[in-house]
Amino acid sequence: MNSQPWILLSEGDNVAVATAAIAAGATVANGVVTRDKIDPGHKFAIQDIAIGMPVVKYGQAIGRTTAEVKAGDHVHSHNLHFENDRLAATANAAPEAATEADKARTFMGFRRADGRAATRNYIGIIASVNCSTTVCRAIAEEANRTLLPHYDGIDGFVPIVHDQGCGMSSTGDGMQTLHRTLAGYTRHVNFGGVLMIGLGCEVNQLTLYGQSGAGASKRHFNIQDAGGSRRAVALAMGVLKEIAEEVGQARREPISISEIIVGLQCGGSDGFSGITANPALGAAADLLAAAGGTAILSETSEIYGAEHLLRSRAVSDSVAAKLDAKIDWWEKYVAMHGASLDNNPSPGNKRGGLTTILEKSLGAVAKGGRSQLTAVYSYAERVTDHGLVFMDTPGYDPVSATGQVAGGANMIAFTTGRGSCFGSRPAPSFKLSSNSALYHSMEEDMDIDCGTIATGEATISGKGREIFELIIEIASGKKTKSEAFGYGDNEFVPWHLGATL
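So, a few notes on the structure that sits alongside this text.

What counts and how
Residues numbered from 1 in each chain as written. Predicted model: local features only at pLDDT ≥ 70, side-chain atom pairs only at ≥ 80, totals over all residues. Heavy atoms only, no water. Helix = DSSP H or I, 4+ residues; strand = E, 2+ residues; numbered from the N terminus. Buried < 20%, exposed > 50% of the residue type's maximum accessible area, 1.4 Å probe, protein only. Contact = heavy atoms within 4.5 Å. Polar contact = N/O pair within 3.5 Å; in protein donor to acceptor, adjacent residues only side chain to side chain. Expected span 1.5 Å × (residues − 1). Pairing = 2+ DSSP bridges. Axes fitted to C-alpha atoms, helices over the stretch in contact; angles between N-to-C directions. Parallel < 35°, antiparallel > 145°, perpendicular 65-115°, else oblique. Left-handed = near helix turned anticlockwise from the far one by under 90°. Nonpolar A, V, L, I, M, F, W, Y, C, P; charged D, E, K, R; others polar. Phe/Tyr/Trp six-rings, centres within 6.5 Å; stacked < 30°, edge-to-face > 60°. Lys NZ or Arg CZ within 6 Å of the ring centre and 35° of its normal.

What about the environment of Ser429?
Then, number 1: In this fold, Ser429 is placed in strand E20 (residues 429–433).
Then, number 2: Residue classification places Ser429 among the buried residues on the basis of a relative accessible area of 2%.
Then, number 3: For the pair formed by Ser429 and Glu381, sequence separation is 48 residues and the distance between their alpha carbons is 20 Å.
Then, number 4: Among all residues touching Ser429, those that are not within four sequence positions of it are Ile412, Phe422, Gly423, Ser424, Asp447, Thr480 and Ser482.
Then, number 5: A polar contact of 2.7 Å, which involves the side chain of Ser429, links it to the side chain of Ser424.

Observations concerning helix H13 (residues 460–475)
Then, number 1: Taking 1.5 Å per residue as the helical rise, H13 with its 16 residues ought to reach 22 Å, and the 22 Å between its terminal C-alpha atoms agrees with that figure.
Then, number 2: Just beyond H13, the residue with positive phi is Gly477, at close to 120°.

Some words on the sheet that holds strand E7 (residues 80–81)
Then, number 1: The strand order across the open sheet built from three strands is E4-E5-E7, with neighbouring strands paired in antiparallel fashion. The open sheet terminates on both sides in strands that have one partner only, identified here as strand E4 (54–57) and E7.
Then, number 2: Seen against the sheet, helix H10 (residues 357–365) touches E4 and strand E5 (60–65) and runs at an angle of roughly 165° to E5.

Quick notes on the packing of helix H2 (residues 133–146) against helix H5 (residues 229–247)
Then, number 1: Contact geometry of H2 with H5 gives a least axis separation of 9 Å together with a crossing angle of 45°. Accordingly, the angle class assigned to the pair H2 and H5 is oblique. Considering only the axes of H2 and H5, their crossing is right-handed. Judged by residue contacts, Val135, Ala138, Ile139, Glu142, Ala143 and Thr146 of H2 engage Ser229, Ala232, Val233, Ala236, Met237 and Leu240 from H5.
Then, number 2: In the contact of H2 with H5, the residues fall into nine nonpolar, two polar and one charged.

Quick notes on the packing of aromatic side chains
Then, number 1: In total, this model carries nine aromatic pairs according to the counting rule given.
Then, number 2: Both rings, one in Trp329 and one in Tyr333, keep their centres 4.5 Å apart while their planes meet at 20°; by these two values the pair is stacked. With Trp329 and Tyr333 both in helix H8 (residues 317–336) and four residues apart, this pair spans about one turn of that helix.
Then, number 3: On the basis of an interplanar angle of 70° and a centroid distance of 5.4 Å, the ring pair of Tyr379 and Trp495 is categorised as edge-to-face. Of this pair, Tyr379 sits in the loop between strand E17 (373–377) and strand E18 (387–391) while Trp495 sits in the segment after helix H14 (481–485), and the two are 116 residues apart along the sequence. For the pair Tyr379 and Trp495, a shared accessibility class is recorded, and that class is buried.
Then, number 4: Here a set of aromatic residues connected by ring pairs shows up, and it is made of Trp329, Trp330, Tyr333, Tyr379 and Trp495.
Then, number 5: Lys431 extends its terminal NZ or CZ atom over the ring of Phe414, reaching a point 5.0 Å from the ring centre.

All we've got here are geometric facts, nothing functional implied.
In structure tokens:
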């Protein structure tokens, strides 16, 4: 157990972080006496910092002071602001070491006919357009009620619905992104079968998707061709029964963990996220990458300010250049809309102790561990490389995770400090709390408590090993807290780009 209610994250830091509430007048780091009350997750100065000077946390600048800061002062939005500083990246530490036994591990998964490995065996009912969402939901509800009880090998019928598909240009970024996302879901390995439903007159025509891989398990039709909504539901029951006969025969078998693809997410972050849950997940990602698996780091707007640390770990100049191009695009994108990337820390983030995007990003990048960056992908692009990869997505969790799943993630790991609730069917999602108070208050939603790192009861390495083991268990069929509650039908949110016409 830590005897001190604070932690210094790097020798070069000029602020420390409270791990528990600290009263004004308490003696803390370096013999400093606090001049203010410091809430858990918040920062206090451990030396005087002149106005306009960098505030350093994690060994990196997170902004500059807007007022004179004395040792012991609370450092937050009232005296710290965003400044586009970057300190030089230090030598990269070695990633978490995996043993030969780790590399030989297997999970119990489903082997598809095309050779890919699934962690779940769902059937998807996918809407091509907003106009078919109600029918898709009705089809899924009826199928889960009347068909599912007859097929023990099927995990469920999942409606994938959204608010796009018409009222938009048939060309350009918007349609390309939507099509790439939906195509990714139609071929997702955790869907043993898919029924895609259109209205009939929309811009996003079913013909754009072919037969999604043709065969008994991949089908589609339009509501207008079926003769209306109720007839469409009735027609779907017959089609889904045929699909279920094939999909229901799948059985789990041992598969190398090199075929696990985990999407890394964080939401509702707090001052502990970058200290506990994120680096612990990073340690697990290192183990998975070393075993040949894949971890997808995303949320470009939330790695802004720390992208140089990722860049320094790129396996080639071309991979580094791709990352630079994504950052350049985001700077132009937010400027075009009169916004700033520093708008990203939410009110909840700030109540939890995070002040600037630089501070949030340094903690967010920790989810990727310390492995080399092997590839950079566009939103919803199919991921084929192994190891740590990066996918360009917004920071908004449902949109980001949707892109990762479309790219092939067959699992989502989600850290939170404030208590985000989330699921992303067909990929099982598990939650990591950054502090123990959150874990105990929302235990029905949290799968692992990483707050024990801050109290000294656990180490980052040890907790990373625990997460690694959980990844294998979930891949083998263990239900997550999100799955048990039923999350995942409403979190499909494709990135909306382009004009609404």
